[in-house]
Amino acid sequence: MHVLVLNATYEPLQKVNLRHAIRMLVREVAVVEEAEEGRTIGAFPVPRVLRLVRYVAMRWRHGRRPPWTKRGVHLRDRGRCGYCGRRGDTIDHVHPQSRGGGNTWENTVLACGKCNNRKGDRTPAEAGLRLRRPPHVPRWEELVGL
């Protein structure tokens, strides 16, 4: 279970697991905005949404593109294969690494095992595959999973 964390100004910041959320309540750095009906953990209601007590500046998000990660590619592509739309479980390099393609947002997509094997060490055009949409640099909000 994940809990949405809002800034003091009600802007969405991130999602955290329930354990982290309870620690935030114990440390009194957040308050419960929305809770699950009738469920508690000790003295605390089981939260769905927390709001920070103090404002956290998010300058690091503005003007900078998010760093590339495998998890980020999975979140950006919403868990779906970039070629067929089924559930994706591997990272595929559009321009293969063996031909100089790197780990960048514009060169990686999530792929299912079948499409990844079909594509192999070729470009999508060479393998007869078409990308459902071109890979792009995601916004921070896409990676937070809001």
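Residues numbered from 1 in each chain as written. Predicted model: local features only at pLDDT ≥ 70, side-chain atom pairs only at ≥ 80, totals over all residues. Heavy atoms only, no water.

Caption draft 1: Region of interest: the confidence of the model for the chain. Taken over all residues, the pLDDT of the chain has a mean of 91, while the share at 70 or more is 95%. Ranking the helices and strands of the chain by mean pLDDT puts strand E6 (residues 108-111) first, with 97, and helix H5 (residues 140-144) last, with 76. (pLDDT = per-residue confidence, 0-100. Helix = DSSP H or I, 4+ residues; strand = E, 2+ residues; numbered from the N terminus.)

Caption draft 2: Structural view of the pattern of salt bridges. Applying the stated criterion across every chain yields a total of seven salt bridges. Residue arginine 51 is joined to glutamate 33 by a salt bridge in which the shortest nitrogen-to-oxygen separation is 2.7 Å. Highlighted residues: arginine 51 in strand E4 (residues 44-52) and glutamate 33 in strand E3 (residues 30-41), separated in sequence by 18 residues. The partly exposed category is assigned to glutamate 33, whose relative accessible area is 34%. Arginine 99 is the salt-bridge partner of glutamate 126, the closest N and O atoms lying 3.1 Å from each other. Within this pair, whereas glutamate 126 is found in helix H4 (residues 124-127), its partner arginine 99 is found in the loop between strand E5 (90-93) and E6, the two being separated by 27 residues in sequence. (Salt bridge = Lys/Arg side-chain N within 4 Å of Asp/Glu carboxyl O. Buried < 20%, exposed > 50% of the residue type's maximum accessible area, 1.4 Å probe, protein only.)

Caption draft 3: Up close: the nonpolar core. The biggest cluster of nonpolar side chains holds 14 residues, and the ones touching the most others in it are Val3, Val5, Met24, Leu50 and Leu52. Those elements that place two or more of their residues in this core are strand E1 (2-6), strand E2 (12-17), helix H1 (18-26) and E4. With five residues, H1 is the single largest residue contributor to this core. Val109, Ala111, Cys112 and Ala127 belong to the second-largest nonpolar core, a separate cluster that totals nine residues. (Core = buried A, V, L, I, M, F, W, Y, C linked by side-chain atoms within 4.5 Å.)

Caption draft 4: Structural detail: a positive patch on the surface. On the surface, Arg78, Arg80, Arg87, Arg132 and Arg133 cluster together to form a positively charged patch. Residue position: arginine 132 is located in the loop between H4 and H5. (Patch = residues over 30% accessible without salt bridge, like charges linked within 9 Å, V, L, I, M, F, W, Y side chains within 5 Å. Areas by Shrake-Rupley, 256 points an atom, 1.4 Å probe, with all protein chains shown as cover. Lys, Arg positive; Asp, Glu negative; His and termini not counted. Charge placed at Lys NZ, Arg CZ, Asp CG, Glu CD.)

Caption draft 5: Structural detail: the state of the cysteines. Enumeration over the complete set of coordinates arrives at zero disulfides. We note that cysteine 84 lacks a disulfide partner, and the nearest cysteine sulfur, in cysteine 112, lies 3.7 Å from it. Distance from the sulfur of cysteine 112, which forms no disulfide, to the nearest cysteine sulfur (cysteine 115) is 3.6 Å. (Disulfide = S-S within 2.5 Å.)

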